[in-house]
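Below, each chain spelled out in residue letters.
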Amino acid sequence: MGRGLRIGCGANPLAVLIGDSLTAVSYGEIHPYYWTNGWLGAPLKIVANIGVSAEGVDNVYNRIDNSYTDASPGLAGLPPLGWALLRIGTNNTRGGNVINSTIQGFYTDLFAKI
C-alpha cells in the first residue's frame with residue numbers, strides 16, 4: 001500500500017484515507033491503495049478520502065474532528081470505521097526540514113484521535 005500507517009480497529013471493513021495531496025489524488029483504481037486491497041480479496045471498503053493538498057501533520061491533526069462534508073474534511077459524520085490509512089508528513093520535510101519533537105507530538109495526538 002505504499003508508505004504510510006494502517007491502523008486497524010477491528011473486523012469492520014470500512015476504511016478511510018487520511019493525508020495530504022499524495023492521498024487526495026489516490027481515490028482511483030490505479031493507486032496502490034486500491035489494487036493492493038483488490039489483490040487481498042477486497043477486504044476493505046474505502047468510504048472516504050480526506051486527503052488535502054499541501055497539508056502537514058499539524059494541519060491534519062487540526063481538522064480531523066471536522067465533519068466529512070466540511071471544506072476541510074475530517075472524520076465526523078462518517079459511519080463507524082474499522083481502518084484508517086494514514087499517509088502524511090511529506091510536506092513537513094520540504095526544504096530540508098526534519099520531523100522534530102513538535103511534529104512527533106502531533107503524530108502521537110493524531111493517532112489517539114483516530
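The rules we used
- Residues numbered from 1 in each chain as written.
- Predicted model: local features only at pLDDT ≥ 70, side-chain atom pairs only at ≥ 80, totals over all residues.
- Heavy atoms only, no water.
- Helix = DSSP H or I, 4+ residues; strand = E, 2+ residues; numbered from the N terminus.
- Expected span 1.5 Å × (residues − 1).
- Buried < 20%, exposed > 50% of the residue type's maximum accessible area, 1.4 Å probe, protein only.
- Arc of directions from axis to C-beta.
- Contact = heavy atoms within 4.5 Å.
- Polar contact = N/O pair within 3.5 Å; in protein donor to acceptor, adjacent residues only side chain to side chain.
- Salt bridge = Lys/Arg side-chain N within 4 Å of Asp/Glu carboxyl O.
- Core = buried A, V, L, I, M, F, W, Y, C linked by side-chain atoms within 4.5 Å.
- Phe/Tyr/Trp six-rings, centres within 6.5 Å; stacked < 30°, edge-to-face > 60°.
- Lys NZ or Arg CZ within 6 Å of the ring centre and 35° of its normal.

(A) Spotlight on helix 4 (residues 101-113). Its 13 residues place the ends of helix 4 18 Å apart at the C-alpha level, agreeing with the 18 Å of an ideal helix rising 1.5 Å per residue. Taken together, the buried positions of helix 4 are Ile 103, Tyr 107 and Leu 110. Taken around the axis of helix 4, the buried residues stretch over an arc of 70°, which confines them to a single face. Exposed residues lying more than 90 degrees from the buried face of helix 4 are Ser 101, Thr 108 and Ala 112. Tucked into the core, helix 4 has its buried residues touching helix 3 (57-63) and strand 4 (83-87). For helix 4, the side-chain oxygen to backbone nitrogen distance between the N-cap and Thr 102 is 3.0 Å, and the N-cap itself is Asn 100.

(B) Geometry of the pattern of salt bridges. Within this structure, the stated rule accounts for two salt bridges. In this structure, Glu 55 engages Arg 63 in a salt bridge whose closest nitrogen and oxygen atoms are separated by 2.4 Å. For the pair Glu 55 and Arg 63, a shared accessibility class is recorded, and that class is buried. Linking Lys 113 and Asp 65 is a salt bridge whose minimum nitrogen-to-oxygen distance equals 2.5 Å. One end of the pair, Lys 113, is in helix 4; the other, Asp 65, is in the loop between helix 3 and strand 4, and 48 residues separate them in sequence.

(C) Inspection of the nonpolar core at higher detail. The biggest cluster of nonpolar side chains holds 15 residues, and the ones touching the most others in it are Val 16, Ile 18, Ile 64, Leu 75 and Ile 88. Among the secondary structure elements, those contributing two or more residues to this core are strand 2 (14-19), strand 3 (45-51), helix 3, strand 4 and helix 4. At three residues, helix 4 tops the list of elements feeding residues into this core. Apart from residues no more than four positions distant in its own chain, Ile 64 is found in contact with Ile 18, Ile 50, Gly 74, Leu 75, Ala 76, Leu 110 and Lys 113. Grouped together as the second largest cluster of nonpolar side chains are five residues, Ala 15, Leu 44, Ile 46 and Leu 85 included.

(D) Structural detail: the packing of aromatic side chains. Summed over all chains, the structure comprises two aromatic pairs. For the ring pair Tyr 107 and Phe 111, a centre distance of 6.0 Å and an interplane angle of 40° mean the geometry is tilted. In this pair, Tyr 107 and Phe 111 are both assigned in helix 4, four residues apart and thus about one turn of the helix distant. On the basis of relative accessible area, Phe 111 is assigned to the partly exposed category, the value being 34%. Seen from the ring of Tyr 61, Lys 113 lies directly overhead, with NZ or CZ sitting 4.6 Å from the centre.

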